[in-house]
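Examination of the molecular architecture
These are the residues of each chain, in order.
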There are 2 protein chains.
Amino acid sequence: MINKLVAKIKQQDAPIVVGLDPMLKYVPQHLQDAAFEEYGETLKGAAEAIWQYNKAIIDNIYDIVPAVKPQIAMYEQFGIEGLQAFKKTVDYCHEKDMVVIGDVKRGDIGSTSEAYAVAHLGKVQVGSKQITPFDEDFATVNPYLGSDGIVPFTKVCKEEKKGIFILVKTSNPSSGEFQDRLIDGKPLYEHVGAKVDEWGRECMGDDYSYVGAVVGATYPEMGAALRKIMPKAYILVPGYGAQGGTGKDLVNFFNKDGLGAIVNSSRGIIAAYKKEEYAKFGEKNFAEASRQAALDMIADINGALGK
Amino acid sequence: MINKLVAKIKQQDAPIVVGLDPMLKYVPQHLQDAAFEEYGETLKGAAEAIWQYNKAIIDNIYDIVPAVKPQIAMYEQFGIEGLQAFKKTVDYCHEKDMVVIGDVKRGDIGSTSEAYAVAHLGKVQVGSKQITPFDEDFATVNPYLGSDGIVPFTKVCKEEKKGIFILVKTSNPSSGEFQDRLIDGKPLYEHVGAKVDEWGRECMGDDYSYVGAVVGATYPEMGAALRKIMPKAYILVPGYGAQGGTGKDLVNFFNKDGLGAIVNSSRGIIAAYKKEEYAKFGEKNFAEASRQAALDMIADINGALGK
């Protein structure tokens, strides 16, 4: 799947991923009204509203954007019905040939980690049958529990040719509380980065590993250090746009081949219609505003990369 | 909810929690057969099998065990249908007045962490309505992202009088890869423990905080150090039984009041019928075997505590 991701990024000349993190407050009123009219102000109504919202955005970006990253928390908060909307979104993105990165940040140990890997990337055995539960292409994983939490994922990745992105240096202001603390003279995130490189060398695609890393756009100098530590890891870069990162901050995350990083924007794309810059589209044309915002983001990043 | 947990532990004289982590291979054949006959070898069939398995165990332990800890990964691997079995299990435990610790190990930042907190401990706003999605009493949380990942949970805990257990030192062999590394002369887990204490003092129940910690039974000397660093945190202790911890290893995790820790056993209780010790019950009476194993565990721990 890393090969497919790289191929799509090259083909569309767009090293970006759109975060499908549909908070209800982003969903245009007319979609909320229609969903609540059909299902009431229920979890099912909320799930229908976010599904219709996602679908319109996907329809407007799939030909220019290689991948989406649905944040499962935004669906999980609407319970079972919300997770049904998550699953519908994953399936629909596959119909549109988009790569799906499940932003699930799971992490546990042994058989439990394996259950998460199976849930999101693999197949579960039920009697004599093997069934695919959620079917993302990649999942994000938390490293705090060490190899016991990661290896069950890499095992499934090898079997299924799927991938993971391990949290290394997150984009949030307090990420330094633990991640930046010095161990033997180097910050914790560099130690995690070195393990990402080690785990990843066991699961290589053509040029990059099935094991990637998450490094926030808000920390470009750390991105440069981590780029060197993990040369074969694709870096998933959150924090562009709404969290403050810009195109020029991102150059450090790429390799000399112009590859090696995929930059995420969530509300900057999906709720573009709420920004002054794209207000001209109007709320009803929110999905066209998303398309324009995606095109502008691609141009910004490619510009910074000198393309 | 920490007050209720402490009250139930005192009342039942049982500082234990049963991990409802139903792998299909633990579910007796007759329950699997019945479920597959009704729903086929499908996710729904698997979900029905684990739900019937859980229900029988709950019916046999609710009067002697204060709390359960369903591990959501074991349900998530069966997709939407599995999560429906998770929700049914949570609701049924509440009917039986058991405290439910959702072992979800979630962790993200800002609005995303808040969405997880709402999903598992709070209420979600849908139009003019507030709806309860999964409704556990406690959730386990991963600290790697720092305060930005924790504070959205403590906010919901304060509103809902619910609680969290933050991963500090996990029970698995490789937990030391990052957690034991020295920072300013102290292992990372002690730094996390100090933050647990700090976060927890903002959310106090009567004697203990709404913010607890996870510390593995397999590391008793670290338990002693952490007990001092976080005097007001309840410690959730996995790793008893199957993972190698025994009653005498656990004394360090308790305070002098005989409280402050709750010890988890999962397959040691729910799959007791597979152990030689309890084989006399037979597979059909698996839930009675679970009851006996729970009684034996309580006696072992209370014995070690000199009760």
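Worth saying up front: this structure is predicted, and the values here are computed from it rather than measured. (Residues numbered from 1 in each chain as written. Chains lettered and ligands numbered in written order. Predicted model: local features only at pLDDT ≥ 70, side-chain atom pairs only at ≥ 80, totals over all residues.)

Here we come to the overall build of chain A. Of regular secondary structure, chain A possesses twelve helices and twelve strands. Taking 307 residues into account, the globule formula puts the C-alpha radius of gyration at 19 Å, and chain A, at 19 Å, falls close to it. The C-alpha extent of chain A, read off along each of the three principal axes, is 60 × 55 × 35 Å. Residues counted as buried form 61% of the 307 residues belonging to chain A. (Helix = DSSP H or I, 4+ residues; strand = E, 2+ residues; numbered from the N terminus. Rg over C-alpha atoms; globule rule 2.2 N^0.38 Å. Buried ≥ 20, exposed ≤ 12 C-beta atoms within 10 Å, placed from the backbone.)

You can overlay chain A on chain B at an RMSD of 0.0 Å; the transform is a turn of 180° with a shift of 0.0 Å along its axis. These values place the two chain copies in the arrangement generated by a two-fold rotation axis. For chain A, the minimum C-alpha distance to the rotation axis belongs to A:Ile183 and amounts to 2.7 Å. (Least-squares fit on C-alpha atoms with pLDDT ≥ 70 in both.)

This next bit is on the interface of chain A and chain B. Facing 58 residues of chain A, the contacting portion of chain B comprises 58 residues. Top element by residues in the side of chain A that touches chain B is helix 6 (residues 110-121) of chain A. It accounts for seven residues. Classifying every residue of the side of chain A that touches chain B gives 29 nonpolar, 20 polar and nine charged. (Contact = placed C-beta atoms within 7 Å. Nonpolar A, V, L, I, M, F, W, Y, C, P; charged D, E, K, R; others polar.)

The subject of this paragraph is the sheet that holds strand 11 (residues 235-237) of chain A. Spatially, the eight strands close up into a barrel ordered 1-2-3-6-7-10-11-12 (chain A), and their pairing is parallel. Strand contacts of helix 1 (residues 2-12) of chain A: strand 2 (67-68), strand 3 (99-106), strand 7 (163-169) and strand 12 (261-265) of chain A, with the helix running at about 125° to strand 3 of chain A, the strand carrying the most contacts. (Pairing = 2+ DSSP bridges. Axes fitted to C-alpha atoms, helices over the stretch in contact; angles between N-to-C directions.)

Relative to the 27 Å expected for 19 residues at 1.5 Å per residue, helix 3 (residues 43-61) of chain A spans 27 Å between its end C-alpha atoms, a close match to the ideal helical length. Within helix 3 of chain A, 14 of the 19 residues are buried, which leaves the element mostly enclosed by the surrounding structure. (Expected span 1.5 Å × (residues − 1).)

Time to look at unusual backbone geometry. Of note, the phi angle at A:Lys105 is positive, near 40°, even though the residue is not glycine. A positive phi angle is found at B:Asp13, which is not glycine, with a value near 50°. In this structure, B:Asp13 sits in the loop between helix 1 (2-12) and strand 1 (16-18). Classification of B:Asp13 as exposed rests on a count of 12 C-beta atoms within 10 Å.

A word on the environment of B:Phe134. Inspection of the secondary structure assignment puts B:Phe134 in the loop between strand 5 (129-131) and strand 6 (138-141). The sequence separation of B:Phe134 and B:Asp91 amounts to 43 residues, and the corresponding C-alpha distance is 8.6 Å. Residue contacts for B:Phe134: discarding those within four places in its chain leaves A:Gly79, B:Lys87, B:Val90, B:Gly102, B:Ala119 and B:His120.

The subject of this paragraph is the packing of helix 9 (residues 188-201) of chain A against helix 10 (residues 220-229) of chain A. All names here are of chain A. Taken N-terminus to C-terminus, the directions of helix 9 and helix 10 make an angle of 30°; their axes are 9 Å apart at the nearest point. Considering their axes alone, helix 9 and helix 10 lie roughly parallel with respect to each other. In terms of crossing hand, the pair formed by helix 9 and helix 10 is right-handed. For the pair formed by helix 9 and helix 10, the contact residues are Tyr189, Glu190, Gly193, Ala194 and Asp197 on the first element and Met222, Ala225, Leu226 and Ile229 on the second. Of the residues in the contact of helix 9 with helix 10, the class split is six nonpolar, one polar and two charged. (Parallel < 35°, antiparallel > 145°, perpendicular 65-115°, else oblique. Left-handed = near helix turned anticlockwise from the far one by under 90°.)

Take the pairing of strand 3 of chain A next. Residue and element names in this part refer to chain A. Taken across its eight residues, strand 3 has eight buried, putting it largely inside the fold. In strand 3, alternate side chains face the same way, and those of Val99, Ile101, Asp103 and Lys105 on one face and Val100, Gly102, Val104 and Arg106 on the other are all buried. The pairing of strand 2 with strand 3 spans two bridges and is parallel. What sits directly across from Val68, in strand 3, is Val100.

Turning our eyes to something else, we now look at the environment of B:Phe138. All names here are of chain B. Considering the arrangement of structural elements, one finds Phe138 in strand 6. Since 30 C-beta atoms lie within 10 Å of it, Phe138 is described here as buried. As for Phe138 and Leu121, which are separated by 17 residues in sequence, their C-alpha atoms are 6.9 Å apart.

A few words on the sheet that holds strand 7 (residues 163-169) of chain B. All names here are of chain B. Strand order in this closed barrel of eight strands is 1-2-3-6-7-10-11-12, and the pairing throughout is parallel. Here four bridges tie strand 6 to strand 7, and the two strands are oriented parallel to one another. Paired with Phe138 across the strands is Gly163, a residue of strand 7. Across the sheet, helix 9 (residues 188-201) is in contact with strand 7 and strand 10 (211-215); its angle to strand 7 comes to roughly 160°.

Another point: helix 6 (residues 110-121) of chain B. Residue and element names in this part refer to chain B. For helix 6, spanning twelve residues, the distance from its first C-alpha to its last is 16 Å, which sits close to the expected 16 Å at 1.5 Å a residue. Of all twelve residues in helix 6, ten are buried, a share of seventy percent or more. Residues of helix 6 that are buried: Thr112, Ser113, Glu114, Ala115, Tyr116, Ala117, Val118, Ala119, His120 and Leu121.

Quick look at the environment of A:Tyr240 now. In this fold, A:Tyr240 is placed in the loop between strand 11 and strand 12. Spatially, the C-alpha atom of A:Tyr240 lies 8.7 Å from that of A:Ser266, the residues being 26 residues apart in sequence.

Side chains on a regular strand alternate between the two faces of the sheet. Residue and element names in this part refer to chain A. Burial of strand 12 is extensive: five of the five residues sit out of reach of the surface. Going residue by residue along strand 12, you find Ala261, Val263 and Ser265 tucked away on one face and Ile262 and Asn264 tucked away on the opposite face as well. Sheet analysis places strand 1 (residues 16-18) next to strand 12, joined by three bridges and oriented parallel. In the sheet register, Val17 faces strand 12, and the bridge partner there is Asn264. Sheet topology places strand 11 next to strand 12; three bridges connect them, and they run parallel. By the bridge assignment, Leu236 is partnered in strand 12 with Ile262.

The subject of this paragraph is the confidence of the model for chain A. Looking at chain A, the pLDDT average stands at 96 and 99% of residues meet or exceed 70. The complex model carries a pTM of 0.97, and its ipTM stands at 0.96. (pLDDT = per-residue confidence, 0-100.)

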